[in-house]
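Listed below, chain by chain, are the residues.
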Amino acid sequence: MTALDTTIVDSALPDGVHTEILIGGAWRPGRDGATFTDLNPATGLRLVEVAAGSAEDIDDAVRAARAQLSGDWAAAPGAARGAILHRVADLIERDGDLLARLEALDIGKPIGQPSMLDIPNAAGTFRHFAGWADKITGQSIPTAGYFGRPTHSYTVREPVGVIGAIIPWNTPLMIAAWKLAPALAAGNTLVVKPPEDAPLSILHLASLLIEAGLPDGVVNVVPGLGEVAGEALVAHPDVDKISFTGSPRVGRHILKVAADTFKRTTLELGGKSPQIILADADVEAAINGAAMGLFFNQGEVCAAGTRVLVHRSHYDQVVEGLAAAAAAQVLGDPLDPATTMGALVNAKQRDTVLDYIEAGRTDGARLVAGGERGGVEGFFVQPTIFADATNDMRIAREEIFGPVGTVIPFDDADEAIRIANDTAYGLAASIWTSDVAQAHSLAGQVRAGAVWVNGWAAIDPALPWGGMKTSGVGRELGWAGIVANTEEKVVTVVL
Ligand code: NAD
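Scope of this entry: the structure provided in the associated data block.

Cut-offs used in this document
Counting from 1, residues in each chain are numbered in the order their sequence is written. Under the rules for a predicted model, residues below a pLDDT of 70 receive no local features and side-chain atom pairs below 80 are neither given nor counted, while totals for whole chains, interfaces and linings still include all residues. The basis for the side-chain values is all heavy atoms of the structure; hydrogens and waters are excluded. Proximity is defined per residue: if any heavy atom of the residue lies within 4 Å of a molecule or strand, that residue is considered near it. In the analysis that follows, any N or O atom pair within 3.5 Å is treated as a polar contact, provided that within protein one partner can donate a hydrogen and the other can accept it, and provided that, for residues neighboring in sequence, both atoms belong to side chains. Computed by Shrake-Rupley with a 1.4 Å probe, the accessible areas treat only the displayed protein chains as cover when residues are assessed. Helix and strand assignments follow DSSP, with helices taken as H or I runs no shorter than four residues and strands as E runs no shorter than two, numbered in order from the N terminus. Only Asp, Glu, Lys and Arg are considered charged in this grouping, and only Ala, Val, Leu, Ile, Met, Phe, Trp, Tyr, Cys and Pro are considered nonpolar; every other residue, Gly among them, is considered polar. Here's how the labels work: a residue is buried when its accessible area is under 20% of the maximum for its type, exposed when over 50%, partly exposed in between, all with a 1.4 Å probe on protein chains only. Whether two residues are in contact is decided by their heavy atoms, any of which lying within 4.5 Å being enough. Whether two strands pair comes down to DSSP finding at least two bridges between them. The convention used is that axes are lines fitted to C-alpha atoms, helices contributing only their stretch in contact, and that angles between N-to-C directions extend from 0 to 180 degrees. Each angle is binned into one of four classes, with values under 35 degrees roughly parallel, values over 145 roughly antiparallel, values of 65 to 115 roughly perpendicular, and all other values oblique. Any residue with relative accessible area above 30% and no salt bridge may belong to a patch, with like charges joined within 9 Å and the nonpolar Val, Leu, Ile, Met, Phe, Trp and Tyr side chains within 5 Å. For this analysis, a salt bridge means a side-chain nitrogen from Lys or Arg found within 4 Å of a carboxyl oxygen belonging to Asp or Glu. Only Phe, Tyr and Trp rings take part, Trp by its six-membered ring, and two of them pair if their centres are within 6.5 Å. Stacked means planes under 30 degrees apart, edge-to-face means over 60, and tilted covers everything else. Take the number of residues in a helix, subtract one, and multiply by 1.5 Å to get its expected span. Grouping buried Ala, Val, Leu, Ile, Met, Phe, Trp, Tyr and Cys residues that are joined through side-chain atoms within 4.5 Å yields what is termed a nonpolar core.

Lining the immediate environment of the ligand, one finds 30 residues, of which K193, E196, S247, L269 and E399 sit closest. The contact in question runs from an oxygen atom of the ligand to an N or O atom on the side chain of K193, over 2.7 Å. Here an oxygen atom of the ligand sits 3.4 Å away from a polar atom, N or O, in the main chain of G226. Notes on the ligand: free accessible area 850 Å², of which the protein chains cover 90%. Elements represented by at least two residues in the shell around the ligand include exactly helix 8 (226-235), strand 10 (241-245) and helix 9 (248-259). Looking at side-chain class alone, the shell around the ligand contains 17 nonpolar, eight polar and five charged residues.

Have a look at this one:
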């Protein structure tokens, strides 16, 4: 059913939720006492007031982070850093139910999803990088010598320094883990700017970092508005790197501001990912996978597989299957375990998605499922499928960041690849096929940071993550996450 037939009755926050700024191990309000209102997307009503950090608060936080670059943290051996990260992972699991409730209330996502993905992935990310913390090695490199004398050259990896981590609202806990765990494993210190639409899980994570024994000031968390706290963090001369996940619009701006102080930057941005269903695909499995890639987290996923490219021989079956999958979604209270799709994060996001649906209609795509708001309260939109779309329509070119899929037919694999690559983005792609040789060949031809064969979003903390083209700059996670959080230094001794 897609009509919203659930009344939202329970929207109470758990006791002891943190809403203040964490600097130097102490919670406090913003210097100017300002707050912003955090809404519950399922009701549209106020959840809680959260401290809105100012440029002065960011300055305090950067100072606290910098002090630890020559403090206890700098002196801690890798194994000690790893032990703390292991404890953080255990604490995330201990508080899994609480964190799932915070994510559901704050973002509007069904409570089962953070329990299935965000929380185990966040814990797994801390464990993965706990393992790296005492294994960050350099190389010994043979060279030709120096004025006839032999040399001994080697490299070492040192922390980048103070890292500003700026996080979006769609999966805040998980993305915070992606930034914190590798940076801490490598010995950096951080100032984290949570998203103003959903700051609560990151603030709770901050309390777990303290409980795990992280020295005061190693991680400081300043909630606040992007154009105030975020902007101040990017412009701050004592911040060495910005690790940003969010929209291409803000990412482009951050790259320009960061250029003034030559900050290192990694940008994880948006996507318009193709899901290619080939003639020899297991069509039922592909429909299920494609539906998950469209509707998981209400479609508010950077890697959402929003362009479903289907071999003409399966086109009608896939269109019908996706329409049925949309109709089967249970749109409702994010806290109800039976709910499969919750609310979009705010009214602006809902209205943006509705505008795209209107554009799909106007541009001549055929609406086969959804297309309307869900219910009258909160920010719900029905899961929506457009068939008979072409790749030049706005719904096929622009990131919608909502539950809207566009199904496009193709006649052969070359045409599928041409359509798949005809986009400004390059974050991810799925290929559904039973031919192993074809799978590898096409995976090599798609311009995307991640290609999944016969699956969608098969992510893992051990695998590098990042996009090509407008989808980003740099990589996080795996060994690439260590590289991104270290400076490589060469030492040459003339013998
Ligand atoms: P956004 O760009 O609006 O905001 C992201 C963060 O940047 C927020 O914390 C915001 O406060 C901050 N910000 C805003 N203006 C700023 C400024 N001038 N200076 C510094 N910081 C500023 O993005 P969003 O709406 O929160 O998230 C949705 C976007 O994130 C989508 O485009 C999505 O694809 C992308 N995303 C990408 C990935 C990935 O891994 N590639 C993952 C999740 C989301």
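With phi around 60°, N454 is a residue other than glycine that occupies positive phi space. Take N454: it is sitting in the loop between strand 21 (450-453) and strand 22 (468-469). With a phi close to 50°, K469 is a non-glycine residue in the positive phi region. If you trace the backbone, K469 turns up in strand 22.

Relative to the assigned elements, W178 resides in helix 6 (residues 172-185). Judged by its relative accessible area of 6%, W178 is buried. In this structure the C-alpha to C-alpha distance between W178 and K489, which are 311 residues apart in sequence, comes to 24 Å. When residues no more than four places from it in sequence are discounted, the contact partners of W178 are N121, T125, I459, W465, E476 and L477.

Moving on to the sheet that holds strand 18 (residues 404-410). Taking strand neighbours across the sheet as the criterion, the seven strands line up as 14-17-18-13-12-20-21 in an open arrangement whose pairing is mixed. Unpaired on one side and paired on the other, strand 14 (366-369) and strand 21 mark the two borders of the sheet. Neighbour-to-neighbour, the strand axes of the sheet open up by a mean angle of 20°, direction not taken into account.

Before going further, it helps to examine the packing of helix 4 (residues 96-107) against helix 7 (residues 200-211). With their axes 8 Å apart at the nearest point, helix 4 and helix 7 run at an angle of 155° to one another. When the axis of helix 4 is compared with that of helix 7, the two are roughly antiparallel. Across from L98, L99, L102, E103 and D106 in helix 4, the residues of helix 7 making contact are L200, S201, H204 and L208. Taken together, the residues that form the contact of helix 4 with helix 7 break down as five nonpolar, two polar and two charged.

This brings us to a nonpolar patch on the surface. A contiguous nonpolar patch, built from Y146, F147 and V494 and spanning about 350 Å² of accessible area, is present on the exposed surface. Within the secondary structure, F147 is located in the loop between strand 5 (140-141) and strand 6 (151-159). Judged by its relative accessible area of 76%, F147 falls in the exposed class.

Applying the stated criterion across every chain, the model contains six aromatic pairs. On the numbers, 5.4 Å between centres and 75° between planes, the contact of W169 with F401 is edge-to-face. Of this pair, W169 sits in the loop between strand 7 (162-166) and helix 6 while F401 sits in the loop between helix 13 (394-397) and strand 18, placing them 232 residues apart in sequence. Each member of the pair, W169 as well as F401, is classed as buried.

Glancing now at the sheet that holds strand 24 (residues 486-494). One open sheet accounts for three strands, arranged 5-6-24; its pairing is antiparallel. The strands lining the two open edges of the sheet, one partner per strand, are strand 5 and strand 24. Judged from the nine bridges that link them, strand 6 and strand 24 form a sheet pairing that is antiparallel. Bridging across to strand 24, V156 finds its partner in K489.

Now for the pattern of salt bridges. The tally for this structure, following the rule as stated, stands at 26 salt bridges. Of the charged contacts in the structure, one is a salt bridge between R28 and D60, with a shortest N-O distance of 2.6 Å. With R28 in strand 2 (residues 26-28) and D60 in helix 1 (residues 55-67), the pair connects residues that are 32 residues apart, well separated along the chain. By relative accessible area, R28 is classed as partly exposed at 22%.

This part is about helix 9. Taking 1.5 Å of rise per residue, twelve residues should cover 16 Å, and helix 9 covers 16 Å from first to last C-alpha, within 8% of that figure. Structurally, helix 9 contributes buried residues whose contacts are with strand 7, helix 8, strand 10, strand 11 (264-268) and strand 19 (425-426).

The next subject is the pairing of strand 3 (residues 35-40). Residues of strand 3 alternate between two faces, with F36, D38 and N40 buried on one and T35, T37 and L39 left unburied on the opposite face. Across six bridges, the pairing between strand 3 and strand 4 (residues 45-51) is antiparallel. Across the sheet, residue T37 finds its bridge partner in strand 4, namely E49. The turn joining strand 3 and strand 4, which pair antiparallel and follow one another in sequence, is formed by four residues; a positive phi near 75° is taken by G44.

With that settled, the discussion passes to the nonpolar core. I92, F126, L180, L184, L190, V192 and V219 are the most contacted members of the largest nonpolar core, which totals 70 residues. A total of eleven residues in this core trace back to one element, the largest contributor, which is helix 6. Ignoring any residue separated from it by four or fewer positions in sequence, one finds L180 in contact with F126, L190, V192, L205, L209 and V219. With 29 residues, the next largest nonpolar core counts Y356, I408, I419 and A420 among its residues.

Time to look at the environment of I111. Mapped onto the secondary structure, I111 falls in the loop between helix 4 and helix 5 (112-132). Assessed through its relative accessible area of 19%, I111 is described here as buried. Counting along the chain gives eleven residues from I111 to A100, while the straight-line C-alpha distance between them is 5.8 Å. Each residue touching I111, except ones within four places of it in the same chain, is listed here: A100, R101, A104, P334, L335, D336 and P337.

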